[in-house]
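If you want the building blocks of each chain, they are given just below.
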Amino acid sequence: MATENTGRTLKKWVRVVIKTMILVFFVVGIFLILISLNLSAPVKKVLISYDIEQSPKYKVNVIDNNYIDESSLLKNNNYVTNLVDTIDLEFNYLYEAIKPGNYEYIYDIKATIFGNYQGSSDNENSGLWTKEYILLEPTSESISNTNSININKKINLDFQKYNNEVVNFKNDLNVPISGYVEVVMNISLNGSAENNKINDTKTQKFKIPLNQLAFSIETSAKKNDHKEIVHTKDNRSINMVKFDIGILMIVYSITLLVLTFKLIFNIKIKSKFDEELNRILKNYGDVIIELETNINLDDKDIVFVKSFNEMLDLEEELRIPINFIQTSKNRGEFFIINNNICYKWILKC
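Just so it is clear, the model here is predicted, and its values are computed rather than measured.

Calculation rules
- Just so you know, the residues in each chain are numbered from 1, in the order the chain's sequence is written.
- Local features in a predicted model are, by the rule used here, given only for residues with pLDDT of at least 70; side-chain atom pairs are given and counted only at 80 or more, and totals for whole chains, interfaces and linings are based on all residues.
- Side-chain numbers come from the whole structure's heavy atoms, not from hydrogens or water.
- Paired strands, in this sense, are two strands between which DSSP finds at least two bridges.
- A helix here means a DSSP run of H or I that spans at least four residues, while a strand means a run of E at least two residues long, and both kinds are numbered starting from the N terminus.
- Here the axes come from fitting lines to C-alpha atoms, over the contacting stretch only for helices, and the angles between their N-to-C directions go from 0 to 180 degrees.
- Only heavy atoms matter for contacts: two residues are in contact if any of them lie within 4.5 Å across the pair.
- The criterion is simple. A nonpolar core is a set of buried Ala, Val, Leu, Ile, Met, Phe, Trp, Tyr and Cys residues joined through side-chain atoms within 4.5 Å.
- Any residue under 20% of the maximum accessible area for its type is buried, any over 50% is exposed, and the rest in between are partly exposed; the area is computed with a 1.4 Å probe on protein chains only.
- If an angle is under 35 degrees, it is roughly parallel; if it is over 145, roughly antiparallel; if it lies from 65 to 115, roughly perpendicular; otherwise it is oblique.
- Each crossing is labelled by how the near helix is turned from the far one, with a counterclockwise turn of less than a right angle marking it left-handed and a clockwise turn marking it right-handed.
- When residues are sorted by character, Ala, Val, Leu, Ile, Met, Phe, Trp, Tyr, Cys and Pro go into the nonpolar class, Asp, Glu, Lys and Arg into the charged class, and all the rest, Gly among them, into the polar class.
- Residues enter patches when they are more than 30% accessible in relative terms and free of salt bridges; like-charged ones are connected within 9 Å and nonpolar ones (Val, Leu, Ile, Met, Phe, Trp, Tyr) within 5 Å.
- Areas reported as accessible are Shrake-Rupley estimates using a 1.4 Å probe. Residue values count occlusion only from the protein chains shown.
- Salt bridges are defined by distance alone: a side-chain nitrogen of Lys or Arg within 4 Å of a carboxyl oxygen of Asp or Glu.
- The criterion for an aromatic pair is that two Phe, Tyr or Trp rings (for Trp, the six-membered ring) have centres within 6.5 Å, with stacked assigned to planes under 30 degrees apart, edge-to-face to planes over 60 apart and tilted to the rest.

Here the focus is the sheet that holds strand 14 (residues 288-290). Pairing is mixed across the open sheet formed by five strands, whose spatial order is 14-16-17-18-15. Strand pairing shows two members of the sheet lacking a second neighbour, strand 14 and strand 15 (301-304), which therefore form its edges. With direction set aside, neighbouring strand axes in the sheet form an average angle of 35°. One ladder, built from eight bridges, connects strand 17 (residues 331-338) with strand 18 (residues 341-348); its direction is antiparallel. Counterpart to isoleucine 336 in the pairing with strand 18 is tyrosine 343. Packing against the sheet, helix 4 (residues 272-284) makes contact with strand 14, strand 16 (322-328), strand 17 and strand 18, and its axis sits at approximately 130° to strand 18.

In this section: the nonpolar core. If you look at the biggest cluster of nonpolar residues, it comprises 44 residues, and the most contacted ones within it are Ile87, Leu89, Tyr95, Val183 and Ile217. Secondary-structure elements contributing two or more residues to this core are strand 2 (43-54), strand 3 (57-62), strand 6 (84-117), strand 7 (127-158), helix 2 (159-173), strand 8 (177-193) and strand 9 (196-210). Here this core gets 13 residues from one element, more than from any other, and that element is strand 6. Excluding anything up to four places from it in sequence, tyrosine 95 contacts Tyr50, Asp51, Ile52, Tyr103, Asn147, Ser148, Ile149, Leu189 and Ile198. Counting residues in hydrophobic clusters, the runner-up holds 18 residues, among them Leu312, Leu314, Phe334 and Trp345.

A word on the pairing of strand 2. Regular strands have side chains that alternate between both faces of the sheet. Taken together, the 10 bridges between strand 2 and strand 12 (residues 224-233) define a ladder with antiparallel strand orientation. Opposite aspartate 51, over in strand 12, you have histidine 226 as the bridge partner. Note that strand 2 and strand 6 share five bridges and pair antiparallel. Within the sheet, the bridge partner assigned to glutamine 54 lies in strand 6 and is tyrosine 93.

So, on to the environment of leucine 23. Here leucine 23 lies in helix 1 (residues 12-36). A sequence separation of 234 residues divides leucine 23 from leucine 257, and the C-alpha atoms of the two residues are 9.4 Å apart.

Phi at glutamate 194 takes a positive value of approximately 50°, unusual for a residue other than glycine. Within the element layout of this structure, glutamate 194 appears in the loop between strand 8 and strand 9. We note that arginine 319 has phi near 60°; this positive angle belongs to a residue other than glycine. With a relative accessible area of 68%, arginine 319 lands in the exposed category.

As a further point, take the packing of helix 1 against helix 3 (residues 240-264). How two helices sit against one another is set out by the angle between their axes and by the gap between those axes. Interhelical geometry of helix 1 versus helix 3 gives an angle of 155° and a closest axis separation of 8 Å. Put simply, helix 1 runs roughly antiparallel to helix 3. Handedness of the helix 1/helix 3 crossing: left-handed. A breakdown of the residues in the contact of helix 1 with helix 3 according to their chemical character gives 20 nonpolar, five polar and three charged.

What follows is about a nonpolar patch on the surface. A cluster of nonpolar side chains, namely Leu23, Phe26, Val27, Ile30, Phe31, Leu34, Ile35, Ile254 and Val258, defines an oily patch on the protein surface of about 840 Å² accessible area. Looking at the nonpolar patch, the element that brings in the most residues is helix 1, giving seven residues. Looking at where isoleucine 254 falls in the secondary structure, it is placed in helix 3. We classify isoleucine 254 as partly exposed; its relative accessible area is 42%.

What follows deals with the environment of aspartate 301. Inspection of the secondary structure puts aspartate 301 in strand 15. Each C-alpha atom, one on aspartate 301 and one on isoleucine 341, is 4.8 Å from the other, the two residues being 40 residues apart in sequence. With near-sequence residues (within four places) excluded, aspartate 301 lies in contact with Asn340, Ile341 and Cys342.

With that settled, consider the packing of aromatic side chains. Counted by the stated rule, this structure contains 16 aromatic pairs. With 5.7 Å between their ring centres and 50° between their planes, tyrosine 79 and phenylalanine 215 make a pair best called tilted. Residue tyrosine 79 is found in strand 5 (residues 79-80), and its partner phenylalanine 215 is found in strand 10 (residues 214-215); the two are separated by 136 residues along the sequence. A single burial state applies to tyrosine 79 and to phenylalanine 215, both of which are buried. Relative to tyrosine 107, the ring of tyrosine 105 lies with its centre 6.3 Å away and its plane at 20°, an arrangement referred to as stacked. For tyrosine 105, a relative accessible area of 8% puts it in the buried group. When its relative accessible area of 2% is taken as the criterion, tyrosine 107 is described as buried. Within the aromatic cluster, the residues linked to one another by ring pairs are Tyr284, Phe308, Phe324, Phe334 and Trp345.

A word on the pattern of salt bridges. Applying the stated rule across the entire model yields 10 salt bridges. Aspartate 225 is the partner of lysine 222 in a salt bridge, and the nearest nitrogen-oxygen pair spans 3.6 Å. For arginine 331, the salt bridge goes to glutamate 333, with nearest N and O atoms at 2.9 Å. One salt-bridge network, in which partners are shared between bridges, spans Asp200, Lys202, Lys222, Asp225 and Lys227.

Structure representation (structure tokens):
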């Protein structure tokens, strides 16, 4: 088959150069964008830091008896209820900051009896009775230009007074209850140091069982608490010159790739003529002869047919194969020669 290829074809070395340019521009563009970004981690600067220490302490004072020689017992022991007289409770609070400031703080101490019904299977949720006592009214104090606040308060708790409250409730009302007294100190601190606000609330607590043959005392407080007020500086930045150049190089490389893709990869686009010709040769190639050179038809009578289907009908009727030759890029001739007659159909787009 004679064909005329008029499509543009680039030489191999030209295609290699264009591909290299596209790759280099794209890679350099990505590199410029990456080095234009400063993704350093944020820098944290401590403006104010402070520590709060709490250390609740106690000792148990006992009545004169034939069994214990000491007049008072230290913490973390078990104590016989009938031998206990009073309990010395000590609340200690120490605030220390790295920089001085102005502060206001308020604190109070309360004792609360909790009576639990012993007939319930769930003693933790069987609260039956409570009674509150104010041991220290809310006390407010202010202090300026200091970096330290120290609060030390002592309470002498009449243990038998609170224990008898539960015993009397049980006997008078004939209700089986157990109970305990909680002695709590609440401390609320508000202030500022170098224009940085400081707000903090702390609690110290003693839990003392009542109406028991013997008991131990539980203390509750966050002993050491370190806090910081931090300013975070974001150091992330973009070098816009490098970033813009990188973007332009990437856009240029992608644009060049789109415009030259078919040329640098030697991709040929089939025309409508090529598609139709391929369809005919694929379906009817067994009755078509493709010619390299044309046949001299000057002495033949030319009869043009309307469609390729008519050519197929003639081929079937005359039992003569169909000849084909491509005369130009988008033009080809199909013809059958029978004696002095040439039947011809022209494919063109």
